Amino acid sequence: MRMWDPQWAALCARHRVLRCDLRGFGASEPPAEPWSHVDDLVALLDATGLTSVAVIGASFGGGVAIDLALAYPGRVRALVLAAPALAGHEWSAQAEALGAAEEAALACGDLDAAVELNLRTWTADPVVRETVAPMTRRALELQLAAQAEAAEPPPPDLSRLAAPALVLYGDRDLPDFPRIARRIAAEAPDARAEAVPGAGHLLTLERPEAFARRALAFLAGR
């Protein structure tokens, strides 16, 4: 949840806002049995009495937001996605190499190396690195301790994505994420992709004002 601190005041000034740690992140530990992030979000919306919402998601959370909108189109009225992942995406050799290096570090029990690799990959901003480091370590610790995994969603049929979507990406990110953004814009009925100049993958933290400004302008009236 802490990664949204830079946007929190701006979003809450205009909207009722709910944020959560997905299982396996922050304060939400993974259960002993397989689970579904989408089902968790629907249960959270039901518990808080929210029937139709705009959903903002970044990176992995952006992919979950897409899955939610496809599985429950009546619950999602708009999407703001920051460098989202996408189920079924064919990752570049660069991204595959990074994943393999992280797995190798974790297999050796070198959590420090895995954290450092993630920080080098996802941001060059020293202030953002300081913020993200404990979040990354916590997520990796939970990953190592997990007894089960979240269900893998099928590759999405983006032509069925009914909610209007704004897809933002940093122009200094890995090439996979601009490609994903442009694919969503090309295949979804009502989506557009926009670059955030000077931002890497964690654009919500690196360019918080620009992100909040674009998100709020897009959500106005939705």
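Scroll up for the structure.
Residues numbered from 1 in each chain as written. Predicted model: local features only at pLDDT ≥ 70, side-chain atom pairs only at ≥ 80, totals over all residues. Heavy atoms only, no water.

Caption draft 1: Focus on the overall build of the chain. Helix and strand content of the chain: nine helices and four strands. A globule of 222 residues ought to have a C-alpha radius of gyration of about 17 Å, and the chain, at 17 Å, matches this closely. Within the chain, buried positions represent 45% of all 222 residues. Of the contacts formed within the chain by residues at least 6 apart in sequence, a portion of 71% connects residues at least 24 apart. Surface accessibility of the chain: about 11100 Å² in total, with carbon and sulfur atoms responsible for 53%. In the chain, 21 positive and 29 negative side-chain charges are present, and the distance between their average locations comes to 9 Å. (Helix = DSSP H or I, 4+ residues; strand = E, 2+ residues; numbered from the N terminus. Rg over C-alpha atoms; globule rule 2.2 N^0.38 Å. Buried < 20%, exposed > 50% of the residue type's maximum accessible area, 1.4 Å probe, protein only. Contact = heavy atoms within 4.5 Å. Areas by Shrake-Rupley, 256 points an atom, 1.4 Å probe, with all protein chains shown as cover. Lys, Arg positive; Asp, Glu negative; His and termini not counted. Charge placed at Lys NZ, Arg CZ, Asp CG, Glu CD.)

Caption draft 2: View of the state of the cysteines. Counted under the stated rule, the structure contains zero disulfides. Sulfur of C20: no disulfide; nearest cysteine sulfur belongs to C12 and is 14 Å away. C20 sits in the partly exposed class, given a relative accessible area of 33%. (Disulfide = S-S within 2.5 Å.)

Caption draft 3: Looking closely at the nonpolar core. Residues L79, I184, L203 and F211 are the most contacted members of the largest nonpolar core, which totals 47 residues. The set of elements that each furnish at least two residues to this core consists of α2 (37–48), β1 (53–58), α3 (60–71), β2 (76–82), β3 (165–170), α7 (176–187), β4 (191–196) and α9 (208–219). Other than its neighbours up to four places away in sequence, L203 contacts A82, A83, L168, Y169, G170, V196, P208 and F211. (Core = buried A, V, L, I, M, F, W, Y, C linked by side-chain atoms within 4.5 Å.)

Caption draft 4: Geometry of the side chain of Q7. Among the secondary structure elements, Q7 is positioned in helix α1 (residues 5–14). Its relative accessible area of 0% is what places Q7 among the buried residues. Excluding anything up to four places from it in sequence, Q7 contacts T204, P208, F211 and A212.

Caption draft 5: View of the pairing of β2. Most of β2 is tucked away, with six of its seven residues classed as buried. With six bridges joining them, β1 and β2 adopt parallel strand pairing. Residue pairing in the sheet places V55 in a bridge with L79 of β2. Crossover connection from β1 via α3 to parallel β2: handedness right-handed. Relative to β3, β2 is paired through four bridges, and the arrangement is parallel. (Pairing = 2+ DSSP bridges. Right-handed = clockwise from strand over helix to strand, strands pointing away.)

Honestly, it's all geometry; don't read function into it.
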